[in-house]
Amino acid sequence: MNAGILKAEGLCKSYKDKEVLHNLDLTIEPGKIYGLIGRNGAGKTTLLGILTAQNTKNSGSVTYNGQPVWENQRALNDICFSRELQATLFSGPNNLKVKHYLKSAAIYYPNWDMDYALRLLDEFKLETKKKISQLSKGQMSMVTILIALASRAPITILDEPAAGLDVVMRERFYQLLLEDFAQTNRTFIVSTHIIEEAASVFERVIILDEGRILENTDTEELIGQFRYVSGRDDVVDQVCNGLQVLSTHQMGRHKTVAVRGDMAKLEAAREADVDIAPMNLQNVFVSLCGHGDAQ
Amino acid sequence: MVKSFRFLLSYSWVNLGAVFGFAAIVIVGCYITGVPGNPNVGNLFETYYAMFPTMILLCLFLYAFAMCTNNLNLGLSMGARRRDFFWAIQGNMAFYAVVCWGLQLFMSAFPALANWEIRDKWALLDLFDGRVWVFPLVCMVLMVLGCLSGLVLVKSKILGTILVTISIFVMIFVSAFMILSADTGVMNYLVETEWGWLWTTLPRIMIAVLSAGAVGGEFLIWKVVQRYVVR
């Protein structure tokens, strides 16, 4: 599947006086699975909406293979943004039925795979005649996943696909995603709050914080830059001198700090009387975006 | 644009089916309850038959409302271009207007065709008989208003509710005015007063106002669709 490069440059977006995205640059390369993570209100859905021309921007540009995405049918044909469905729409219940979503997707997505959609429908035990407002949160996520996967769009974006799904279904979703990726090599962007579970699926991770991109890098590479250092506070301070300290947690004289950078120095510090432990993606995210809230 | 038109058309068939079904129920109901040829029978079916054009307009208002809320949102979320969707809305509204115009003409002609005698007690069925193109114009205006009401409601719940309420009140007021004027013959009295010129030129004034309203409404719909944020 030939996906192109999706690129945002200098994106700014505000709602009334509140600036949601600040001069944001982002490049989505083809054939990769991206994880988009950020705290509530960080601007994830707004960013995805602007990337797919479903939301407006104040300034900046979004291009796909060098051509603007806005009102460009060729670009829009290659992009599927499967949104998190809501039980209420425009202050009333969402009375659209599952079959309406399927019919619409069949009309709009040029590569729509109806056989696959029906197989997933069967597997997820979804009833096409049911209204969205009658579905559970997990079932709504299944519709989101079904549309995204069956769209076969070269760039497929899922907004909170795991919300409300039980652990078995979440595992099944990651499995389906990887199977599809292995088969089609299309680009996926998955926005999620369930970070640790999804971390192994993400080839690259984009961390969005307060409307700014903090990281857009290889997941393993990013995690490799972070360590927890713990021990007696004066020893920890000595070891961490010159390193970027992201968060500190102290109990009595025992101190734990999250640090970033200079792995050589950290390896050398193993000689000192401190424990050095790796961090997982969720810890990295909390260290970068926690702003002290998690301590 | 073809995709968006096809998308909207999939809903139009169902919606028009409901209007045709309603027409069939009214006709069959009138027949079963002995309305034709019996001036003493006055029932719900007779009332709905006599009011059929206003029922069509009310349905079209609601269909256009849905077209510019749920359908617009769904279409754009699946990658429709805004300008395509706007023109698909126009095509769909024209389709609705033409089909409903045909249905209205059929309903007004049916009693004569079937040799029925049904009282057109509020003179609504043949209201557009003199200027047959007025009915599709009214249909278009109502749909523009319905679409606009939906778009405003999406942007502001309060403003949208006010607009929908006003629209419904205007429709009820106009229907009631037409019914009352037909029942009481007040128009015959009014044309003889010094304001008589106003009443005789009222249809032309209304057509001009409706046409201007439709054009202005379309401009607003274009503007709002261009800035629409998918939810």
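Residues numbered from 1 in each chain as written. Chains lettered and ligands numbered in written order. Predicted model: local features only at pLDDT ≥ 70, side-chain atom pairs only at ≥ 80, totals over all residues.

S.K.: Just checking my understanding: could you explain the environment of Leu222(A) for this structure?
M.R.: All names here are of chain A. Position of leucine 222 among the secondary structure elements: in helix H8 (residues 219–224). Accessibility expressed as a C-beta count within 10 Å gives 21 for leucine 222, which makes it buried. A C-alpha to C-alpha distance of 25 Å links leucine 222 and leucine 176, two positions 46 residues apart in sequence. (Helix = DSSP H or I, 4+ residues; strand = E, 2+ residues; numbered from the N terminus. Buried ≥ 20, exposed ≤ 12 C-beta atoms within 10 Å, placed from the backbone.)

S.K.: What is the right way to read the sheet that holds strand E2 (residues 18–28) of chain A from this model?
M.R.: Backbone-to-backbone hydrogen bonds join strands into a sheet, with any given pair of strands oriented parallel or antiparallel. Residue and element names in this part refer to chain A. With antiparallel pairing, the 4 strands of this open sheet are ordered in space as E2-E1-E4-E5. Where the open sheet ends on each side, the last strands, each with one partner, are E2 and strand E5 (67–68). Where strand E1 (residues 6–15) and E2 come together, 7 bridges link them in antiparallel fashion. Opposite tyrosine 15, over in E2, you have lysine 18 as the bridge partner. (Pairing = 2+ DSSP bridges.)

S.K.: Just to check I follow, could you spell out the interface of chain B and chain A for this structure?
M.R.: When the parts come together, some accessible area is lost, and that loss is often what is quoted as the size of the interface. Each partner contributes residues to the interface: chain B has 23 residues there, and chain A has 21 residues. If you list the elements that add at least two residues to the side of chain B that touches chain A, you get helix H1 (2–32), helix H3 (52–77), helix H4 (82–113) and helix H5 (134–155) of chain B. Top contributing element to the side of chain B that touches chain A by residue count: H3(B), with 6 residues. Looking at the side of chain B that touches chain A residue by residue, the class counts come to 9 nonpolar, 6 polar and 8 charged. (Contact = placed C-beta atoms within 7 Å. Nonpolar A, V, L, I, M, F, W, Y, C, P; charged D, E, K, R; others polar.)

S.K.: I tried to follow the nonpolar core on my own but got confused; where do I start?
M.R.: Buried together is how nonpolar side chains tend to be arranged in soluble globular proteins. The biggest cluster of nonpolar side chains holds 136 residues, and the ones touching the most others in it are Leu60(B), Ala64(B), Cys139(B), Met143(B) and Cys147(B). With 15 residues, H5(B) is the largest single contributor of residues to this core. Each of domain 1 (6–221) and domain 2 (226–289) of chain A gives at least three residues to this core. (Core = buried A, V, L, I, M, F, W, Y, C linked by C-beta atoms within 7 Å. Domains from an automatic or database assignment.)

S.K.: I would appreciate a short explanation of the environment of Gly43(A) in the present structure.
M.R.: Residue and element names in this part refer to chain A. Mapped onto the fold, glycine 43 is located in the loop between strand E3 (33–38) and helix H1 (44–51). Distance from glycine 43 to leucine 21, taken between C-alpha atoms, is 6.5 Å for residues 22 residues apart in sequence. Discounting residues that sit within four places of it in the chain, glycine 43 has contacts with Val20, Leu21, Gly38, Leu208 and Gly211.

S.K.: Explain the environment of Asn241(A) to me, please; I cannot follow it from the model alone.
M.R.: Residues and elements named next belong to chain A. Here asparagine 241 lies in the loop between helix H9 (233–240) and strand E14 (244–251). The exposed category is assigned to asparagine 241, around which 9 C-beta atoms lie within 10 Å. In this structure, the C-alpha to C-alpha distance between asparagine 241 and proline 161, residues 80 residues apart in sequence, is 41 Å.

S.K.: Honestly, helix H6 (residues 167–184) of chain A in this entry has me stumped. Any pointers?
M.R.: Given 3.6 residues per turn, any residue in an α-helix points the same way as the ones three and four places further on. All names here are of chain A. Between its first and last C-alpha atoms H6 spans 26 Å; for 18 residues at 1.5 Å apiece the expected length is 26 Å, and the two agree. Those residues of H6 lying buried are Arg170, Phe173 and Leu177. Taken down its axis, H6 places every buried residue within 55° of arc, on the same side. Facing away from the buried side of H6, by more than 90 degrees, are the exposed residues Val168, Glu171, Gln175, Glu179, Ala182 and Gln183. One or two residues past the end of H6 sits asparagine 185, with phi positive at roughly 55°. (Expected span 1.5 Å × (residues − 1). Arc of directions from axis to C-beta.)

S.K.: I keep staring at unusual backbone geometry and nothing clicks. Help me out?
M.R.: Across residues other than glycine, the phi torsion is negative in most instances, and most of the peptide bonds are trans. Residues and elements named next belong to chain A. Positive phi, normally seen in glycine, also occurs at arginine 152, with a value near 55°. In this structure, arginine 152 sits in the loop between helix H5 (137–151) and strand E9 (155–159). Using a count of 20 C-beta atoms within 10 Å as the deciding quantity, one classes arginine 152 as buried. In this model, glutamate 210 sits at a positive phi of 50°, which is unusual for a non-glycine residue. Along the polypeptide, glutamate 210 turns up in the loop between strand E11 (204–209) and strand E12 (212–218).

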